[in-house]
Structure formats: structure tokens, C-alpha cells
Amino acid sequence: MTRLSPRNVLRRAAGLLAAAGLLAVVPLAGAAAPARADEPPVFTLGGPAETSLHPYRAGGGPKPSRLGITVTAPSGEEGTGFAGRFTLTFDLSGVAGVADVAFDGAASGAETSDGGASGGGTAPDCEVTGAKAVCVGTGVRPGTHPVAVLVVTAAAGGERGDSGAITVTGEAEGAAFTPFTARVTVGGPDLVMEELPFRTELVPGDRQQAPITFANRGAGDAEGVLLTLRYTRGLDIPQRYSNCRYSEDDPGPSGVGRTTALCTVEGAFEAGEAYTLATPLTIEATERAYRDTFLYRIEEAGPPRPAPAAFERGDGAVLRAVPVTGPQNRVAGRTADPTPHDNQREADFRTENTADFAAYGDRVSGARGATVTADVGFRNVGPAWIGHLRSGEDVAVVDFTVPRGASVVAKPDRCRAVTAAGEYREDQRSPAPRYLCPTSPAVHDGKGLDLSFALRIEEVLIGAEGEVTVRAPSARNPALPFDPAPANNTARLVLNAGDDGDGGPSTPPTSDPGPDASPSGAPATSAPGGGAAGASGGSDSGTGSGHGGGLASTGSGALTVAGAAAVALTAGLVLVAAARRRTGRHS
């Protein structure tokens, strides 16, 4: 028995399990089915359906291929992840005599490009016993993440054409797994994507051609290829080919948003030959481009597999690949390792562009003891979208200073309490004078961050003001480098402003596009006392809020004030009547 504890292999082989690449390929194995609230979550195991092996060389030893296994969990509104322990079982009996299998260091310990660890939890530990391997891990977060990397080599004495399958199953208490089967073949094709010399410094509107070129450096022909194109929000490929399926990914919590095209190109792609597209693609930097990536990947098409339902077929011409003509049409080095990392390339583009982040505040009113809801945040009014895809760092932070005379009884989960000077504050449950609320690593044009705070009115101070500022995550260097209009980065929250009060913008700077306007926004869901934003916060005085113009609230807080006035008026009339009766008796 060999015990392997995975750590850090993907740092050394980032091309193999780059998150963008995985997300481009895995959907072919099926997407994770969303679970209803009363059903356990269903996770989908996946990876390359076909992997070729270099034939075993007598005296030269085996040359390995790496097979990355992933897990996909429901994302978006349906996805909450899974925090429990899970077990993956690998049945290796199907490749006995065909291939030898080991686990690489621990692929699962590697980080994905969106900053998360594989699976989103603790890296699995794997034990291999004969024709069976068992990996145990903890935690799966929404999305697609690597969980294991298998090192596969052709067995000694095997022959070209030998083939077998590895089956992966999973189980966990409170969750279900869809199994996955990967086929390995000795002497199959090894497709290699050539890197294109793109211009990477652009301005909006720039277009350039992308003559995708690939080669088969393996020992066998490829019957059809699958070309995957994946590009971020600021780029576009105007052509929509009829043999391609396209998907506009749900931005999800990270707000990244990518377009994926899966193109099945028919033909026999011979070993030792190089191929290029009959007509080059066109890559365009749109008006919202800023920092963007373009991934292009090639692999053997294999048996027909249905694309996920989210993908729609294009209605244009057929995308074709033709042999490269001239002296480069034959590929040297046909004994190169058939490792998947050379199947894809990525290009990073920097576009000279700007994005205007505009903060908005609110005006709310309430009586002493009332709880009011203040809605603050910012909008990216464009034109560019902003994303830190490589570093995974937050784009910005909303810095909110609480008005005098009020205390926070509920805040959004993403916000953390700090001192008045913005320093670290260990106590996160009791009310604080200031809150920092980070964005995600991407903020779309037209979107932003919407935050709801529940404030208890401790003392009625007419026109008390708090400040709402959107700035860079570093307080030492708060300027947003892409924002040409810093004057609107700050707005005010005004309490009990009166008729002449002015809290600055009290609505988002752009028209409200509806409940899906801010995928990176977070409602106020956590309270020091466990309540939700807008909850009473333990006061029996009622709640009230008024937005826009600082007008008096018509909620229960206003009713409380009106009721108190009525009681006082009644008491006064009683006293006057009693005084008159006393005067009448003594006259």
C-alpha cells in the first residue's frame, strides 16, 4: 500500500488544471444538477474523457500523462456548497495491463485561478491498494474545482492501441455524486496548441486576427477535434459558427462572466501534421474592455457528447481546420510527452479604458429607539468592467462611517467592523463606528455593490451624517487607478434630515435594473444579535425608514411619534377640563 498526501502539484503544472481550462472542458461531462431545498446536493465528477499515452519504450522507461479529475457543484442561487467529508473511489481494474496509475503529490492542494483551493475545502488524502484508490477530503464549494491528478503511464509489454477505462465514484453523507469514466489509450494522438503572437496592449474597438494553429505530435490520428474558446467580458468574437455551441456564463458570486464556445471540427487529423483554421477568428476589444483573458484549447473530439443545455448553437458558417502548407507542415519530435498542459494557451490583454465608480447614500428618518434600514453602495457606470482575475484580489471596498446618534444592529455578511480610524477590531458582534465592505474580484459595467444596514436610532440628532466611500482596498493608497472621476466616490447617509436635508445621491447612480442588478451585492443577513437587516433589533418602539428627500417616515416609527403626540394632546385636554371645573367651584 502506498499512501500519498496531495499538496501543491498544480502550482508546478498550472497549465494542466488552470481553472479557466477546466471550466471550458468539464461541461461536456455534464453540469451539476441543482438540488431543491429538501434534496441533498448532487455533485458531478469530471475531467478529460480521453487521454492518450506514449508507448512504453524498452530501456527508456515510461513517459507519463496526467489526468485531472474535477468536481462540479451547483452555483448561483441553487449552490450553497458542502462542508462535510466525502470519499472518492477510483476503480483501476479496467486499465490492468494497459497502464500504471499513481497520484501526483496532491493536485488537490493547488489553488485555482479564482483563488480557491481545489474542491473548495481540505485537500483529499489518497491511498492506493492494488486496483483501487480511495481519496478522502472535506468541503466542496460551488463551481468547478480540481480534486485529484492521476499520473498515468503505459504498462511494460503493452502495445499500441491498447485501451482501458478508469471509473471514479463518490459518496458523502448528505450529498450525492455523479460518476465519471476516463478512457486511456496507448499510442493515441497528442494534440498541441501553438501560441499566437497577439497584440496585448489595446484600445476599445481594436480588432486582430487569431489564426488558431495546432499539431498532432502523438503516435495516432485524431478523429475530429474539439476547439474550446473562452474569453472574458471585455472581448468578443463576432462570428457565431454553426458547429459551435456558445454559453454566456452566469457571473456567479465572483462576477467574472465569460463566454465559452465549444466547436466540434470534423476530419482526420494525422499524427505528425499541423493544422490551422481555414478562416482566422477575429478578436475584438469592446467598449467595456479593461483587463481580459482569452483561452484557446484543442483536444480530440471522441464520441459525440451532448453539450449542456445552457449552450446554444451558432447560426453562421462552419468552422473548419486545414493542413498547414509549406515547410512547417510536418511536426518534428513525434515522441513528445502527450501531456494535456500543452493543449491550451492563454493570452492576457490590457485595454486603455476607464470605469467610473459612483457612490450613493441614503436619507432615513425615525424616532428614538426605532430601527431604520439604510441602503448604500456604489455603481460602476462604466464604460469598462474591472476584474482582477489573476490575483483574485478585491476590486474595491465600500467604507461606511455610521452617523452619530445611531448604532448598527444588522449588517451585510461581507462587511467587517473596524475602529473609527479604520483599524482592526476583534469584536465583530457589537455595534462599531465604521464598516469595510469588499467587492468581489470583478465588478461589471452597470453593476456594483448594494448594502443594507439596519440602524437603531439612539438619539435624534437632526441632520446627523455618515459617509459612504468607494475606494481601493488599501487605505494607504485609496485612489482607484481606473476611475477618472473621484469626486463622486463619496456620498452621505443622513438621519432625520428635515425638509431641507440633503444626503447627496440617495439612489444608485444608474436606473435600477431589477433584482439581478448587482451579482456582487449582498443583503443584510447578519446581525450582532442574530437578526436580519430591517429587523427590530430588540426594540419595542417599532421600526421606520424613509428614503429620498429625508421626508418623515410613514412606517411604524412615525406612527409611534403620532401616537405619543395624541396621548400628550389627550392628557393636556383632561388637565384643562379639570382646571376649569376647579375654577367653577371656587367662583
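These numbers come from a predicted model, not from an experiment. Here, residues in each chain are numbered from 1, in the same order as that chain's written sequence. Totals for whole chains, interfaces and linings use every residue, but because this is a predicted model, local features are given only for residues with pLDDT of at least 70 and side-chain atom pairs only at 80 or more, for both listing and counting. Side-chain metrics in this entry use all non-hydrogen atoms of the structure; hydrogen atoms and water are not considered.

**A word on the overall build of the protein**
Helix and strand definitions follow DSSP, with helices as H or I runs of at least four residues and strands as E runs of at least two, each counted in order from the N terminus. What the protein contains, in helices and strands, is 4 helices and 38 strands. Using a 1.4 Å probe on the protein chains alone, a residue whose accessible area is under 20% of its type maximum counts as buried, one over 50% counts as exposed, and one in between counts as partly exposed. Within the protein, the fraction of its 587 residues that count as buried is 49%. Whether two residues touch is decided by their heavy atoms; if any such pair falls within 4.5 Å, the residues are in contact. Looking at the protein alone, contacts between residues at least 24 apart form 82% of all its contacts between residues at least 6 apart. What sets the accessible areas is the Shrake-Rupley method with a 1.4 Å probe; for residues, cover comes only from the shown protein chains. Total accessible area computed for the protein in this model is approximately 26,100 Å², and 51% of it derives from carbon and sulfur atoms.

**Let's talk about the pairing of strand β22 (residues 281-285)**
Counting buried positions along β22 gives 5 out of 5 residues, so the element sits mostly inside the fold. Taking every second residue as pointing to the same face, both faces of β22 are buried, with L281, I283 and A285 on one and T282 and E284 on the other. For two strands to count as paired, DSSP must find a minimum of two bridges between them. Alignment of strand β15 (residues 207-210) against β22, held across 4 bridges, turns out to be antiparallel. Looking at the pairing, Q209 lines up with T282 of β22.

**Focus: the confidence of the model for the protein**
Averaged over the protein, the pLDDT score is 77; the fraction of residues at 70 or greater is 68%. Each residue carries a pLDDT value, the predictor's own confidence for that position, ranging from 0 to 100. Note that residues 1-35 has pLDDT below 50 and, in this model, 104 contacts with residues that lie over four places away or in other chains. A low-confidence stretch, residues 511-587 (pLDDT under 50), is modelled with 118 contacts involving residues beyond four sequence positions or located in other chains.

**Quick look at the sheet that holds strand β34 (residues 434-438)**
Strand order in the open sheet formed by 6 strands is β28-β38-β37-β31-β34-β33, and the pairing between neighbours is mixed. Two strands lie at the open edges of the sheet, namely β28 (362-364) and β33 (416-418), each paired on one side alone. Each strand axis lies, on average, 20° off the axis of its neighbour in the sheet, ignoring direction. Pairing geometry for β28 and strand β38 (residues 490-495), over 3 bridges, is parallel. Within β38, the residue paired with V364 across the bridge is L495. Only the stretch in contact is used when fitting a helix axis, every axis being a line fitted to C-alpha atoms; angles between N-to-C directions are given from 0 to 180 degrees.

**Let's talk about the side chain of N343**
Counting through the fold element by element, N343 comes out in the loop between β25 (321-323) and β26 (344-351). When its relative accessible area of 9% is taken as the criterion, N343 is described as buried. Within the structure, the side chain of N343 is placed 2.9 Å from the backbone oxygen of I298, a separation counted as a polar contact. In contact with N343, not counting residues within four places along its chain, are D190, L191, M193, Y296, R297, I298 and E299. Pairing of N or O atoms within 3.5 Å defines a polar contact, subject to two protein rules: one partner must be a possible hydrogen donor and the other a possible acceptor, and residues neighboring in sequence count only if both atoms are side-chain atoms.

**Examining the packing of aromatic side chains**
Think of it this way: a Phe, Tyr or Trp ring, Trp meaning its six-membered ring, pairs with another when their centres are within 6.5 Å, and the plane angle makes it stacked under 30 degrees, edge-to-face over 60, tilted otherwise. A full pass over the atoms with the stated rule returns 17 aromatic pairs. Site record: aromatic cluster; members linked through ring pairs are F198, Y231, F294, Y296 and F349. For the cation-ring pair, R240 lies above Y246, with the distance from its terminal atom to the ring centre recorded as 4.5 Å. Over the ring of Y290 we find R291; its NZ or CZ atom is 4.1 Å from the centre of that ring. Criterion for a charge above a ring: Arg CZ or Lys NZ at most 6 Å from the ring centre, at most 35 degrees from the ring normal.

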